[in-house]
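Summary of the model geometry
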Amino acid sequence: MSGDSNDNQVPSPYVSPLPSDPSTRPTVVRYQIVAISVLMAFILYLDRICLGEIVKTDAFIEDMNLPPEEAKSRIGSILGAFFFTYALFQVPAGWMSDRLGARKVLAFYIFLWSLLTGLTGFVAGTAGLLVMRLGVGVAQAGAYPTSSAIVRRWVPLNGRGLASSLVSFGGRLGGAAAPYLTMFLILTVGGWRQTLWIYGGAGIGISLIYFLVVRDRPSEHGSCNEAEKNLIGQPVDDRKPELSDVLKMILAFCRSRSLWLNSLGQFCINVGWAFLITWLPTYLKEVHKVSDAEGAKMVSIVLSTGMLGQLIGGRATDWSVRRFGLRFGRVLPITVANFVAGGAYLMCMTLDSPWAIVACCSMVSMMTDVGNPSIWAFMQDVGGRNTGAIFGWANMWGNFGAAASAKMVPLLVAAGAANGSGQNLVFIACASAFFIAGTAALGMDATKPLKATSGD
């Protein structure tokens with residue numbers, strides 16, 4: 001990659017392209033692969049975040065027969081349950097996609113979580129709802145690890161940051177649309193159950209599209225010509241991981257200082273960010289007396305700014321690597337973005353206007369996503385043929401952070417209830433998490449690929 005210093009150069013993970021007829025223009029199948037991956041990420045986040053809006057509605061609370069004094073605690077457990085199973089199954093789901101192939105595995109994952117989302121509309125109590133959310137967490141666990149492996153095989157090295165940002169942009173678009181779209185559907189189609197049925201059906205349709213469009217690698221796609229294959233290149237080590245290599249792979253993960261720092265960073269980032277998708281709607285309603293419809297609009301604004309952050313972050317990480325080299329170029333966007341996000345949370349403690357709070361939370365959302373493409377690209381840089389599994393490993397710790405956040409917020413609010421400082425404790429905890437993540441990123445080194453036989 002041009003612009004890297006000699007100290008930051010690493011051996012190319014791609015075989016040199018073969019000469020091709022200059023008169024033959026490359027096909028653009030890689031763009032179709034990225035586009036369907038964006039659509040996958042959209043429904044992923046739509047199904048993930050919609051429940052944050054549903055659980056605050058009076059109709060949901062009545063249908064679940066939740067006593068007012070227990071409602072917040074039970075809802076926190078349900079929201080956190082998703083992240084718990086989502087985290088636990090990251091590595092197995094990512095490894096399965098590396099082993100069995102991304103196309104059929106991810107198509108199955110999309111189908112399964114969409115089916116469970118639709119079935120959630122039939123549950124009659126919190127026990128059934130908890131089971132469904134646990135299942136959705138398991139099914140969604142392999143989505144981003146598998147998608148990251150697809151990006152590695154279909155996008156040249158110097159375009160990974162932008163491609164990763166576009167896929168994550170799709171997720172943020174789904175997340176931003178979820179509050180407003182969910183509330184709109186609840187009000188127009190008959191209720192929260194019908195809304196979940198619609199989401200489930202849409203996801204099943206997308207799973208079929210994914211299976212028809214995607215192939216595991218360019219060499220397997222009939223519409224991808226030789227010019228495009230040569231443009232993309234071919235990873236040097238693209239063998240399927242063997243079952244006998246799992247222990248070596250896990251040991252390599254455990255020996256990598258960079259990966260542990262990345263995992264710590266993702267844990268802390270999700271502690272701070274998950275507040276936006278789990279408790280911000282309830283906070284706006286209870287503390288600032290915002291209506292359900294107005295609150296949905298506010299949360300959509302907060303999450304939509306993340307889309308801008310993804311586009312900025314994708315360009316930023318590719319530019320930063322060209323300017324500063326792979327070692328520091330990958331981590332600088334992460335550090336700067338996390339420090340700004342932490343500062344925005346601290347600002348919330350000085351503000352009374354709900355719209356001012358929304359502005360600060362929007363900055364948190366945008367900065368989280370500015371750093372996200374660098375995190376994705378780092379895992380692709382060091383992951384090799386285990387990219388899906390390594391992504392799952394780091395994402396696992398990130399979602400343990402999100403699960404912790406869902407439980408942490410009501411505990412901190414209760415701890416500060418006596419003197420009215422509960423919400424400030426939440427903002428301080430979220431800000432501190434971002435500061436820790438930004439500091440940890442400085443120790444990550446993308447120039448040291450993981451080796452399943454010898455560690456870093």
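Residues numbered from 1 in each chain as written. Predicted model: local features only at pLDDT ≥ 70, side-chain atom pairs only at ≥ 80, totals over all residues. Heavy atoms only, no water.

1. Thoughts on the overall build of the chain
Quick reminder of the rule: Elements are defined by DSSP. Helices are runs of H or I of four residues or more, strands are runs of E of two residues or more, and each kind is numbered from the N terminus. In what follows, residue pairs with any heavy atoms lying within 4.5 Å of each other are defined as contacts. For the area figures, the Shrake-Rupley method with a 1.4 Å probe applies, and any residue is considered shielded solely by the protein chains shown.
In terms of regular secondary structure, the chain is built from 18 helices and two strands. In the chain, 85% of the contacts between residues at least 6 apart in sequence involve partners at least 24 apart. When the accessible surface of the chain is summed, it comes to about 17500 Å², and 67% of that surface belongs to carbon and sulfur atoms.

2. Here we look at the pattern of salt bridges
We apply this condition: The salt bridge definition used is simple: a Lys or Arg side-chain nitrogen within 4 Å of an Asp or Glu carboxyl oxygen. For the exposure calls, accessible area comes from a 1.4 Å probe over protein chains only, and a residue counts as buried if that area is under 20% of its type's maximum, exposed if over 50%, partly exposed in between.
All chains considered together, the criterion is met by seven salt bridges. The partner of Arg30 in a salt bridge is Glu228, and the shortest N-O contact between them spans 3.0 Å. Here Glu228 lies in helix α10 (residues 226–232) and Arg30 lies in helix α1 (residues 29–54), a separation of 198 residues in the sequence. Accessibility assignment for this pair places Arg30 and Glu228 in one class, buried. Across the pair Asp445 and Arg327 runs a salt bridge whose closest N-O atoms are separated by 3.9 Å. One end of the pair, Asp445, is in the segment after α18 (422–441); the other, Arg327, is in helix α14 (residues 292–329), and 118 residues separate them in sequence.

3. What about the packing of aromatic side chains?
Under the convention used in this document: Any two rings among Phe, Tyr and Trp, with Trp reduced to its six-membered ring, count as a pair given centres within 6.5 Å; such a pair is stacked if its planes are under 30 degrees apart, edge-to-face if over 60, and tilted if neither. In this scheme, Lys NZ or Arg CZ marks a charge over a ring once it lies within 6 Å of the ring centre and within 35 degrees of the ring normal.
Counted by the stated rule, this structure contains 20 aromatic pairs. Here Trp319 and Phe324 contribute two aromatic rings whose centre-to-centre distance is 5.8 Å and whose plane-to-plane angle is 85°, an arrangement assigned as edge-to-face. Take Trp319: its relative accessible area is 46%, and that puts it in the partly exposed class. Given the relative accessible area of 35%, Phe324 is considered partly exposed. When the ring of Tyr345 is compared with that of Phe434, the centres are 6.1 Å apart and the planes differ by 35°; the resulting orientation is tilted. Note that Tyr345 is positioned in helix α15 (residues 332–348) and Phe434 in helix α18, a separation of 89 residues in sequence. Judged on exposure class, the residue Tyr345 and its partner Phe434 are both buried. When the ring centre of Phe211 is taken as reference, the NZ or CZ atom of Arg103 above it lies at 3.9 Å. Looking at Arg327, its charged tip hangs above the ring of Phe328, at a distance of 4.4 Å from the centre.

4. Considering empty space enclosed by the protein
Our working rule: Here a cavity is any set of points on a 1 Å grid over the protein atoms alone where a 1.4 Å probe fits but cannot get out, and a pocket is any open set with protein on both sides within 12 Å along at least 5 of 7 lines; a residue lines the site when it has an atom within 4 Å of a point. Grid points are joined across faces, edges and corners, and a volume is the space filled by probe spheres set on the points. Each residue gets one label: Ala, Val, Leu, Ile, Met, Phe, Trp, Tyr, Cys and Pro are nonpolar, Asp, Glu, Lys and Arg are charged, and the others, such as Gly, are polar.
Summed over the entire model, instances satisfying the criterion amount to five cavities of 30 Å³ or more. In this structure, the largest cavity is lined by 18 residues; those nearest its centre are Tyr45, Arg172, Asn270, Asn372 and Asn395. Those elements that place two or more of their residues in the lining of the largest cavity are α1, α8 (160–189), α12 (257–278), α16 (354–383) and α17 (387–415). The dominant element in the lining of the largest cavity, judged by the number of residues it contributes, is α16, at five residues. Its volume calculated, the second largest cavity comes out at about 80 Å³. Considering the residues around the second largest cavity, the lining is formed by Arg48, Ile49, Leu51, Gly52, Leu79, Phe82, Phe83, Arg133, Ile277 and Thr278. Of all the elements in the fold, those that place two or more residues in the lining of the second largest cavity are α1, α3 (68–88) and α12. Of all the elements, α1 adds the most residues to the lining of the second largest cavity, at four residues. For the lining of the second largest cavity, the residue count by class is six nonpolar, two polar and two charged.

5. A word on α1
Cut-off, in case you're wondering: Here the expected span of a helix is defined as 1.5 Å times the quantity of residues minus one. Working definition for bend: take the seven residues up to and ending at a residue and the seven starting at it, fit an axis to each, and measure the angle between the axes.
Over its 26 residues, α1 extends 38 Å from the first C-alpha to the last, a length consistent with the 38 Å expected when each residue adds 1.5 Å. Its axis deflected by about 25° at Arg48, α1 carries its strongest bend there. Counting buried residues in α1 gives 21 out of 26 residues, a clear majority hidden from the surface.

6. So, a nonpolar patch on the surface
The criterion, for reference: Each patch is built from salt-bridge-free residues with over 30% relative accessible area, joining like charges within 9 Å and nonpolar side chains (Val, Leu, Ile, Met, Phe, Trp, Tyr) within 5 Å.
A grouping of Phe111, Leu115, Leu119, Phe122 and Trp197 is seen on the molecular surface, where their side chains present a nonpolar patch of about 460 Å² in accessible area. When residues of the nonpolar patch are assigned to their parent elements, the largest contribution, three residues, is made by helix α5 (residues 102–120). For Trp197, the position within the fold is in helix α9 (residues 192–213).

7. Considerations on helix α6 (residues 126–140)
Taking 1.5 Å per residue, 15 residues should reach 21 Å; α6 reaches 21 Å between its end C-alpha atoms and fits that length. Among all positions of α6, only Thr126, Leu129, Met132, Arg133, Gly135, Val136, Gly137, Ala139 and Gln140 are buried.

8. Some details on the confidence of the model for the chain
Low pLDDT means the predicted coordinates in that region are not meant to be read closely. Let me state the cut-off plainly: Scored between 0 and 100, pLDDT is the confidence that the predictor attaches to each residue.
With 89% of its residues at a pLDDT of at least 70, the chain reaches an overall mean of 83. Looking across the chain, the model is least confident in strand β1 (residues 14–15), with a mean pLDDT of 45, and most confident in α15, with 96. Contacts for the low-pLDDT stretch residues 1–19, under 50 throughout, to residues beyond four places or in other chains number 44 contacts.

9. Regarding the environment of Ala87
Its location among the elements puts Ala87 in helix α3. Taking the relative accessible area as the measure of exposure, Ala87 reaches 0% and is therefore buried. Between the C-alpha atoms of Ala87 and Gln140, which are 53 residues apart in sequence, the distance is 9.7 Å. Ala87 has contacts with Met396, Asn399 and Phe400, leaving out every residue within four places of it along the chain.

10. Some remarks on the nonpolar core
Condition: The set of buried Ala, Val, Leu, Ile, Met, Phe, Trp, Tyr and Cys residues whose side-chain atoms join them within 4.5 Å is what this entry labels a nonpolar core.
Trp113, Tyr144, Phe275, Leu276, Leu280 and Tyr345 are the most contacted members of the largest nonpolar core, which has 129 residues in total. Tallying contributions element by element places α1 first for this core, with 15 residues. Excluding residues that lie within four positions of it along the chain, Tyr144 makes contacts with Ala41, Leu44, Tyr45, Tyr86, Val167, Ser168, Gly171, Trp376, Phe391 and Asn395.

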